[in-house]
Amino acid sequence: MKEVVGQPGTRSSLALRVSQCVCAAASFAAMAVAHGSSHYTAFRALLFSMELQFFWSLFRAMADTKDVMAQHAAYDVKDVCWIVLFDWLTAIVSVASATASAGVAIYLERDFHICSLYKLSIILAFMACSVITASAASSFWVLASLF
């Protein structure tokens, strides 16, 4: 099987997972310290999705670290199916909550001149979404090559 960039168990997958963790944690931290973020459902959804993405990416980063250290990147179809499923689920939830939060932030900025931590958190959330989408696409490519 040809090695795909971002394939689970490789250095590129580890780099993607670590960047997902960093972006999700930074987005969560910026939104958590922003004044009044708990008053809006979209912002709470963003907090939840970034927390979900952080823990999923951390779990996969630990698995990738173990595989890189052992120089073992072979997965069976069942493992890759689960990785693809949770990657796409996390990506969809993250994009939905980031988009909803961006809409609320635009509304609040025009009427109430909100603090810039909301905007920073949303930008970081979209960065995390783009990285997990790349990871999900490469995992899907690996799944397709297994059949």
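Predicted model only: the values in this text are computed from it and were never measured.

Caption draft 1: Spatial organisation of the overall build of the chain. Counting its secondary structure elements, the chain contains four helices and zero strands. Counting helices and strands in the order they occur from the N terminus, the chain gives α-α-α-α. Overall size of the chain, expressed as C-alpha extent along the three principal axes, is 55 × 25 × 20 Å. Contacts spanning at least 24 positions in sequence make up 82% of the contacts within the chain whose residues lie at least 6 apart. Each charge class in the chain can be summarised by its mean position, and for the 9 positive and 9 negative side chains these summaries are 2 Å apart.

Caption draft 2: Structural context of the environment of A96. Among the structural elements, A96 can be located in helix α3 (residues 77–112). The class for A96 is partly exposed, based on a relative accessible area of 46%. Sequence separation of A96 and C21 is 75 residues, and the distance between their C-alpha atoms is 18 Å.

Caption draft 3: The arrangement of the pattern of salt bridges in detail. One pass over the structure, following the stated rule, counts four salt bridges. Salt-bridge contacts for D87 lead to R17; the nearest nitrogen and oxygen are separated by 2.8 Å. Of this pair, D87 sits in helix α3 while R17 sits in helix α1 (residues 11–33), and the two are 70 residues apart along the sequence. The closest approach of N and O atoms between E109 and K119, which form a salt bridge, is 2.9 Å. Remark: K119 occurs in helix α4 (residues 116–146) and E109 occurs in helix α3; sequence separation between them is 10 residues. Look at E109 and you get partly exposed, because its relative accessible area is 33%.

Caption draft 4: Quick peek at the packing of aromatic side chains. Using the criterion set out here, one finds six aromatic pairs in the structure. Summarising the aromatic geometry, the rings of Y40 and F43 are spaced 5.6 Å apart at their centres and angled 80° between planes, so their arrangement reads as edge-to-face. With a relative accessible area of 0%, F43 lands in the buried category. Between F43 and Y118, the aromatic rings sit 4.6 Å apart at their centres with planes inclined by 20°, giving stacked as the arrangement. Placement of the pair is F43 in helix α2 (residues 41–70) and Y118 in helix α4, with a sequence separation of 75 residues. The exposure class assigned to Y118 is buried, which follows from its relative accessible area of 4%. One aromatic cluster is present, formed by W56, F59, W82 and F86 through successive ring pairs.

Caption draft 5: Looking closely at α1. Its 23 residues give α1 an end-to-end C-alpha distance of 33 Å, which sits within 8% of 33 Å, the value for a rise of 1.5 Å per residue. Every buried residue of α1 is accounted for by S13, L16, R17, Q20, C21, C23, A24, S27, A30 and M31. On its buried side, α1 packs onto α2, α3 and α4.

Rules and cut-offs
- Residues numbered from 1 in each chain as written.
- Predicted model: local features only at pLDDT ≥ 70, side-chain atom pairs only at ≥ 80, totals over all residues.
- Heavy atoms only, no water.
- Helix = DSSP H or I, 4+ residues; strand = E, 2+ residues; numbered from the N terminus.
- Contact = heavy atoms within 4.5 Å.
- Lys, Arg positive; Asp, Glu negative; His and termini not counted.
- Charge placed at Lys NZ, Arg CZ, Asp CG, Glu CD.
- Buried < 20%, exposed > 50% of the residue type's maximum accessible area, 1.4 Å probe, protein only.
- Salt bridge = Lys/Arg side-chain N within 4 Å of Asp/Glu carboxyl O.
- Phe/Tyr/Trp six-rings, centres within 6.5 Å; stacked < 30°, edge-to-face > 60°.
- Expected span 1.5 Å × (residues − 1).

Remember that the coordinates give geometry; whether it matters functionally is a separate question.
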